[in-house]
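Descriptive structure summary
What follows is the residue order along each chain.
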Amino acid sequence: MMTNTPMFWRIIRRLLTANYGRLFVILLALGAGAAVTSALLNLQIDAKKRITGEFRSLGANVVIAPIVYPIERTGGPTLFESLLAELPSQYESHSVPAVAFLYVIGEVAKSGATQFAPAVIAGTKGQGLTEIRPGRRTQYLASLENDPDACEVGAKAAAQFKVQVGDTLQLKNQGREATCKIFAVVGTGGAEDAQIFTTLKTAQALADLPDRISLIQLSVTGTPASVQSFIVSLGKQFPQAEVHGIKQFTEAEGHIYDRISSILTATVFLVLVLTSLCVMAGMSNVAVERKNDVGLMKAIGGSVQKVVHLFLTEAVLLGVAGGVVGSALGLLVSIWLGKAVFGVAAEPRLIVYPVSVALTIITSIASAFPLRRLASVRPASVFRGEE
Amino acid sequence: MFLRLVADSFTRRPRRKILSMAALAMGMAVATAALSVSLDVGDRLAHEFRSLGANLLVTPEADSLPLEIGGVDYRPVNAGAYLPETDLGKLKTIFWRFNIIGFAPILQSPAQLLTAQVMEHPASSDYTDIQLIGTWSDHTVPIPDGTTYMTGIGKTNPWWTVDGRWFHEGQNECVVGTALAKRKGLHTGDKVFLSVEDLSTKVQRFVPHVITGVLSTGSSEEDAVVVSLADAQNLARLPQVYRRLYVSALTKPEDAFGRKDPKTMTPAEFDKWYCSPYISSIALQISQELKGTDVRVIRRVAEGEGNVLRRVRTLLWLVTFVALLAAALAVGASAAASVIERRSEIGLMKALGANSGLVGVILAAEQLLLAFVGGGIGYAVGILLARVLGERIFGFTPEPKLFVLFVILVLAALITLLGSAYPLRRASRYDPAPILRGE
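Below is a short write-up of the structure. (Residues numbered from 1 in each chain as written. Chains lettered and ligands numbered in written order. Predicted model: local features only at pLDDT ≥ 70, side-chain atom pairs only at ≥ 80, totals over all residues. Heavy atoms only, no water.)

1. Thoughts on the overall build of chain B
Counted only if it meets this: Only DSSP runs of H or I with at least four residues qualify as helices, and only runs of E with at least two residues qualify as strands; both kinds are numbered from the N terminus onward. Only the C-alpha atoms count toward the radius of gyration. The rule for a globule is 2.2 Å times the residue count to the power 0.38. Exposed residues in this analysis have more than 50% of their type's maximum accessible area, buried residues have under 20%, and partly exposed residues fall in between, with area computed by a 1.4 Å probe over protein chains only. Whether two residues are in contact is decided by their heavy atoms, any of which lying within 4.5 Å being enough. Note on areas: Shrake-Rupley, 1.4 Å probe, and residue coverage restricted to the protein chains presented here. A positive count includes Lys and Arg, and a negative count includes Asp and Glu. His and the chain ends are not counted in either. The atom standing in for a charge is NZ when the residue is Lys, CZ when it is Arg, CG when it is Asp and CD when it is Glu.
A tally of regular secondary structure across chain B gives twelve helices and 16 strands. Taking 22 Å as the expected radius of gyration for a compact globule of 439 residues, we find that chain B reaches 34 Å, considerably beyond that expectation. Over its C-alpha atoms, taken along the principal directions, chain B stretches across nearly 115 × 50 × 40 Å. In chain B, buried positions account for 56% of the 439 residues. In chain B, once contacts between residues fewer than 6 apart in sequence are set aside, the share between residues at least 24 apart is 77%. Carbon and sulfur atoms provide 60% of the accessible area of chain B, an area that totals close to 18800 Å². Taking the average location of the 45 positive side-chain charges in chain B and that of its 41 negative ones, the two points are 13 Å from each other.

2. A look at the overall build of chain A
Broken down by element type, chain A carries twelve helices and 14 strands. Taken over the C-alpha trace, chain A has a radius of gyration of 34 Å; the compact-globule value for 387 residues is 21 Å, which it surpasses by more than 25%. With respect to the three principal axes, the spread of C-alpha positions in chain A is 110 × 40 × 30 Å. For chain A, with 387 residues in total, the buried portion stands at 52%. On chain A, roughly 17300 Å² of surface is accessible, and the fraction owed to carbon and sulfur atoms is 60%. The centroid of the 34 positive side-chain charges in chain A is displaced by 14 Å from the centroid of its 28 negative side-chain charges.

3. Comments concerning helix α7 (residues 224–237) of chain A
Residue and element names in this part refer to chain A. We apply this condition: By this rule the span expected of a helix is its residue count minus one, scaled by 1.5 Å. Directions from the helix axis toward the C-beta atoms define the arc.
Here α7 spans 20 Å end to end across 14 residues, near enough to the 20 Å set by a 1.5 Å rise per residue. When α7 is considered as a whole, its buried residues turn out to be S226, V227, F230, I231 and L234. Taken down its axis, α7 places every buried residue within 145 degrees of arc, on the same side. Counted as exposed and oriented over 90 degrees from the buried face of α7: A225 and K236. Among the structural elements, β1 (62–66), β3 (90–91), β13 (215–218) and β14 (241–245) are those in contact with the buried residues of α7.

4. Focus on the pairing of strand β11 (residues 195–199) of chain A
Residue and element names in this part refer to chain A. Stated precisely, the cut-off is as follows: The pairing criterion is simple: DSSP has to find at least two bridges between the two strands.
Within β11, four of the five residues are buried, leaving the element largely enclosed by the surrounding structure. Bridge count between strand β6 (residues 117–127) and β11: five bridges; the pairing is parallel. Bridging across to β11, A122 finds its partner in F197. Looking at chain direction, strand β8 (residues 150–154) and β11 are connected through two bridges and run antiparallel. Bridged to V153 within β11 is I196.

5. A closer look at the packing of helix α10 (residues 304–342) of chain A against helix α11 (residues 352–367) of chain A
All names here are of chain A. Condition: Whenever a helix is involved, its axis is fitted only over the stretch in contact; in every case the axis is a line through C-alpha atoms, and angles between N-to-C directions fall within 0 to 180 degrees. Crossings are classed by handedness, with left-handed meaning an anticlockwise turn of the near helix from the far one by less than a right angle and right-handed meaning a clockwise turn. The nonpolar class holds Ala, Val, Leu, Ile, Met, Phe, Trp, Tyr, Cys and Pro. Asp, Glu, Lys and Arg form the charged class, and all remaining residues, Gly among them, are polar.
Packing of α10 against α11 leaves a shortest axis separation of 8 Å and a crossing angle of 145 degrees. Here α10 and α11 pass one another in a crossing that is right-handed. Two secondary-structure elements touch here, α10 through L312, A315, V316, L318, G319, V320, G322, G323, V324, S327, A328 and L331 and α11 through V352, Y353, S356, V357, T360, I361, S364 and I365. Class assignment of the residues belonging to the contact of α10 with α11 gives a composition of 13 nonpolar, seven polar and no charged.

6. Here's the deal with helix α6 (residues 200–207) of chain A
Residue and element names in this part refer to chain A. Buried residues dominate α6, accounting for six of its eight residues. Buried within α6 are the following residues: L200, T202, A203, Q204, L206 and A207. Considering only its buried residues, α6 is in contact with β5 (98–110), β6, β9 (168–173), β10 (176–187), β11 and β12 (212–213). D208 occupies a position one or two residues after α6 and carries a positive phi of about 55 degrees.

7. Considering the nonpolar core
Formally: Here the nonpolar core consists of buried residues drawn from Ala, Val, Leu, Ile, Met, Phe, Trp, Tyr and Cys, with membership extended through side-chain atoms lying within 4.5 Å.
Core analysis: the biggest nonpolar cluster contains 84 residues, and I51(A), F101(A) and W166(B) have the highest contact counts within it. When residues in this core are grouped by element, the largest group, 13 residues, is from helix α8 (residues 247–288) of chain A. Excluding residues within four positions of it along the chain, F101(A) makes contact with A122(A), G123(A), T124(A), L129(A), I132(A), F197(A), I213(A), S214(A), L215(A) and Q217(A).

Next up, the structure:
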């Protein structure tokens, strides 16, 4: 064996280059398998993360409220506004939109009108009101948005007070008064449709509750388990408040996430198994054609062990070549797939690459499996052209 | 002779054909399983999304502005408008009636609660202010077409869980929220007395109710008492009415067309829109049946659902597509290999006088036969796999669709023909003499 090493490699080279058509076919099959393996593995990891991001279009999923839920009409328990600044702005490298609300039931009228009607005025402060409270803005005036007296009006309230963007509303509560300019009308389908969203300052002045808020809503991105641990850690950080998930959304999200992730895993697993079986069957087809080569090798004195050794080395080389090229292509494809599905390029995860190359080599070796049958090939009958 | 040649190539060298066929069958099984799952998964996931609860809210059109904070309406009972309960059966008569999978009316009112211990001689501090919620737990609704429909709050608010059981209608039973139960030390089986004050006469009439369970919802209902709609109507002296109706409907995610304003549509477009289960068209149909209502889409639920569904659907279609592509490449490669290996046979045929066209046709016929048999086997395997997948994940069996079989067979034929086209073309140009000499 020692002295035969150069010969061994020479034979390998010949085996590979003797028929370019065959080489191309094998590499194509292996490369396609490797590409689909790495693309799907990468996409699967990425998609599970992204889906949790998509859930955030459901809006807030965590609430920080006073320990006793405010059930009385006025003078209900409140929290300190300073709480908002103490919240983490990021969790697991996703930003955490958080908005503080102070609710006041006040009297409202269009400016100039004398007929006041009761309405809920919600003072808001914080980042990401639109993420916290998903809805559709039917009217919007960007130029007014940064006005210190700007307010947003729910669709139902806008219809009730017959106002539209650009109009001014008068607000009052127990003798205290304020005005605000409407920069948007929003429809959410929920209680928010009947509310008027002002700055927190305005609501605090109306309620005569400086530095107080009713509650904070957060929209936390993550798997159900990581959202739960966020809630627990926040609860420890703020013992004076009650932190809880909004059951409607946390429960449904958990439920749906489990389903989607099991569909993805199952589909990807199935596709991978079948693809490698498919590649294997195709490659074995090629391997069986090697009878003549085996016959010749045995006729000039090659041992069965050596012949199998030769073919296995060839399979590993092919697997490495197909795997290295195919997996790289697959990663590129998955970046594009991520973009097509989520609008954001999928992050290539490096762990996928060696896994996919290794799988390809294994597939390639497994495809050489039928060659073991060639051990029983009798050179004489091969040369006589018998089947 | 032609048929004999084709048949012979199968019977003479079965092992080689079996391998080609196995490759094809596996490839087609990938395609079938992936296709079947992608075809069904959208509908199935839409069902899963109903665990988010109602996506439509119906309120009286001529209502005063609700003063709702944290799920509690602070309007006095006599303010605002109500809707007739008797109309509700009409919900199941709209065009998309089968897409409505549940609805529940709500009548909410401030009320007072007395525990059994203090009922005899209550001090003024014993009166507890609570929110009284009247709704259906398991209610049979008569439908105008003569049938009945069973629905309740569990369908529209599936995250409401009761430790114990829901109340039965007409038996003076109730369910109390966990927060309230904890505060007042109430347990399942206890008796409480409920009353809604008559604002004009200031009369309180307490009615006993037995607690059948403790409710957790994660929001303000945990501080409320939930009774049957009929009980709430009696207590509040508001017969046969409700204030809010939650509807949970299976919908198609809104696309650009679904978002168009129906008022700007042409009649043909409007018909198409009306006959698609978009949330907005279902909302319109409900408001046409229930007069005097304002039907609003609960945006966060509807839009969140639409977004996630769209993504998952695209994702699965892409996975299917990639899987198909890989299967096609592998199968095509195997088809090409089987042609390359048959040079000597081709040489012999040509030496015996077959022209290039005939050789091509014979080999193509072989490949096609292979494609149909392999494709058929692959379809069967794929359907079996899709069934296992479906049962594992959703607990249902996807229907085998003939349409998929058709697609698979066409695909198999296309792939094998494409895979062998190039080697076939080369083969038909072979010069027989050197091949037969073994060069």
